Amino acid sequence: MILKDRLAFVTGAGSGIGRAGALAMAREGALVVVTDRDGAAARAVAAEIAAAGGRAEAQAVDVADDAALTEAIAGTAARHGRLDILHSHAGVQVSGGLAEASVQEMDLSWRLNVRAHFVAAKAALGPMRAQRRGSIIVTASNSGVQYDRGMIAYCTTKHAAIAMVRQIAVDHARDGIRCNALCPGFVDTPFNAGFQAQMGGRAALENYVAETIPMGRWGSVDEIAEAILYLASDRSAFMTGHALVIDGAESL
Ligand SMILES: NC(=O)c1ccc[n+]([C@@H]2O[C@H](COP(=O)([O-])OP(=O)(O)OC[C@H]3O[C@@H](n4cnc5c(N)ncnc54)[C@H](O)[C@@H]3O)[C@@H](O)[C@H]2O)c1
């Protein structure tokens, strides 16, 4: 087991990619603190982990609440005396270009896609520094390395998240802390509901995926969970400041 006795804290882990990563890390021996704005969803994932013989705790945490997010991470580290992995995953997608996206929507995107990762990483810094090791994984997107038409708030904030990841990586490499960005492409989760509506429905979205992505298909949450395991574990021990793109070559 590549994460035996490690402690992992995950945001937005009640569904989709965050859930798959939490399940995978628990299978590899980590104790996973499963958090989500939706407390019931977090508890369901923790129960799933326990039913499979793994170790997990659940907490309702909204990453837009600085104090709650900071307290949840600090409290986890204090309770367990360690914090090895932070997967700061929750985010938001607002569609529209400069003409359509409102200032409020840009603020919301900034709050979840950049600021919350800053707050989470800041809370993880103390305990990780003290133990002189830690892996911070920030979920960005392949929209952080390419430019999507009509998606200004999402693209801008995902690019910013990658910039922040690289800055954390250079600032804290000598503390033994690695920081990498997870950059998925199209993965079939409820997160794409907004884009599906923008495209004009499910059939149009399926067509788009089949035609636009060189591999001609969606990625699965399990394929992304493999990348989470890699970034979380010592298998990526010499990797920091990297934007790991897993998108069937969409961004090329
Ligand atoms: N699915 C994709 O195609 C895709 C591609 C690239 C990047 N991403 C990124 O992955 C993340 C989410 O995607 P997913 O596919 O796992 O979505 P999902 O909708 O399956 O799950 C998101 C989870 O986050 C929770 N959440 C939402 N707002 C929250 C908040 N303020 N605080 C705490 N939890 C919150 C939701 O309750 C939900 O359980 C986002 O950061 C998104 O940008 C997704």
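Residues numbered from 1 in each chain as written. Predicted model: local features only at pLDDT ≥ 70, side-chain atom pairs only at ≥ 80, totals over all residues. Heavy atoms only, no water.

### A closer look at the side chain of Asp36
Right, on to step 1. Following the sequence through the fold, Asp36 ends up in strand β2 (residues 31-36).
Right, on to step 2. No salt bridge is formed by the buried Asp36. Its closest oppositely charged neighbour is Arg37, at 5.6 Å.
Right, on to step 3. A polar atom in the side chain of Asp36 sits 3.4 Å from the backbone nitrogen of Ala13.
Right, on to step 4. Looking at Asp36, its side chain comes within polar contact range of the main-chain nitrogen of Gly14, at 2.8 Å.
Right, on to step 5. Not counting the four nearest positions on each side in its chain, Asp36 is found in contact with Gly12, Ala13, Gly14, Ser15, Ala42, Gln59, Ala60 and Val61. (Helix = DSSP H or I, 4+ residues; strand = E, 2+ residues; numbered from the N terminus. Buried < 20%, exposed > 50% of the residue type's maximum accessible area, 1.4 Å probe, protein only. Lys, Arg positive; Asp, Glu negative; His and termini not counted. Salt bridge = Lys/Arg side-chain N within 4 Å of Asp/Glu carboxyl O. Polar contact = N/O pair within 3.5 Å; in protein donor to acceptor, adjacent residues only side chain to side chain. Contact = heavy atoms within 4.5 Å.)

### What about the site of the ligand?
Right, on to step 1. Taken together, 28 residues sit near the ligand, with Ser15, Asp36, Tyr154, Lys158 and Thr189 positioned nearest.
Right, on to step 2. Backbone polar atom of Arg37 to a nitrogen atom of the ligand: 3.1 Å apart, as the coordinates give it.
Right, on to step 3. Val63 is positioned with one of its backbone polar atoms (N or O) 2.9 Å from a nitrogen atom of the ligand.
Right, on to step 4. Calculation on the ligand without its partners gives an accessible area of 830 Å², and the protein chains cover 92% of this total.
Right, on to step 5. In a pocket analysis with a 2 Å cut-off to the grid points, the ligand is assigned to the largest pocket. (Near = heavy atom within 4 Å. Areas by Shrake-Rupley, 256 points an atom, 1.4 Å probe, with all protein chains shown as cover. 1 Å grid on protein atoms, 1.4 Å probe; cavity = no way out; pocket = protein on both sides within 12 Å on 5 of 7 lines; lining within 4 Å. Sits in = over half its atoms within 2 Å of the grid points.)

### Regarding the environment of Met25
Right, on to step 1. Note on placement: Met25 falls in helix α1 (residues 16-27).
Right, on to step 2. In this structure the C-alpha to C-alpha distance between Met25 and Ile2, which are 23 residues apart in sequence, comes to 8.7 Å.
Right, on to step 3. Every residue in contact with Met25, bar those within four places of it in the chain, is listed here: Leu3, Ala8, Val10, Ala30, Val32, Ile85, Ile228, Leu229 and Ala232.

### With respect to the packing of aromatic side chains
Right, on to step 1. Under the definition given, this model contains five aromatic pairs.
Right, on to step 2. Measuring from ring centre to ring centre gives 5.6 Å for Phe186 and Phe195, while their planes differ by 40°; the resulting arrangement is tilted.
Right, on to step 3. Judged by relative accessible area, Phe186 falls into the buried class, the value being 12%.
Right, on to step 4. What makes Phe195 buried here is its relative accessible area of 10%.
Right, on to step 5. Here Phe186 and Trp218 contribute two aromatic rings whose centre-to-centre distance is 5.7 Å and whose plane-to-plane angle is 85°, an arrangement assigned as edge-to-face. Here Trp218 lies in the loop between α7 (202-212) and α8 (221-232) and Phe186 lies in the loop between β6 (177-184) and α6 (193-199), a separation of 32 residues in the sequence. (Phe/Tyr/Trp six-rings, centres within 6.5 Å; stacked < 30°, edge-to-face > 60°.)

### Here's the deal with helix α2 (residues 39-51)
Owing to its 3.6 residues per turn, the α-helix aligns residues three or four sequence positions apart on the same side.
Right, on to step 1. End to end, α2 covers 18 Å across 13 residues, agreeing with the expected 18 Å (1.5 Å per residue, within 8%).
Right, on to step 2. Along α2, the positions that sit buried rather than exposed are Gly39, Ala41, Ala42, Val45, Ala46 and Ile49. Angular distribution of buried residues about the axis of α2 spans 165°; they occupy a single face of the element. In α2, the exposed positions angled more than 90 degrees off the buried face are occupied by Arg43 and Ala51.
Right, on to step 3. Residues of α2 that are buried sit in contact with α1, β2 and β3 (55-60).
Right, on to step 4. The backbone nitrogen of Ala40 has a side-chain oxygen 3.1 Å away, supplied by the residue at the start of α2, namely Asp38.
Right, on to step 5. Positive backbone phi, at 95°, marks Gly53, one or two positions downstream of α2. (Expected span 1.5 Å × (residues − 1). Arc of directions from axis to C-beta.)

### With respect to the packing of α1 against α2
Right, on to step 1. Here α1 crosses α2 at 25°, and the two axes come no closer than 10 Å. With respect to each other, α1 and α2 are oriented roughly parallel. The hand of the α1/α2 crossing is right-handed. Packed against α1, whose contacting residues are Arg19, Ala22, Leu23 and Ala26, the element α2 presents Val45, Glu48 and Ile49 at the interface.
Right, on to step 2. Across the contact of α1 with α2, the residue classes break down as five nonpolar, no polar and two charged. (Axes fitted to C-alpha atoms, helices over the stretch in contact; angles between N-to-C directions. Parallel < 35°, antiparallel > 145°, perpendicular 65-115°, else oblique. Left-handed = near helix turned anticlockwise from the far one by under 90°. Nonpolar A, V, L, I, M, F, W, Y, C, P; charged D, E, K, R; others polar.)

### Observations regarding the pattern of salt bridges
Right, on to step 1. Taken as a whole and judged by the stated rule, the model has 12 salt bridges.
Right, on to step 2. Through salt bridges with shared partners, one network takes in Lys4, Asp5 and Arg55.

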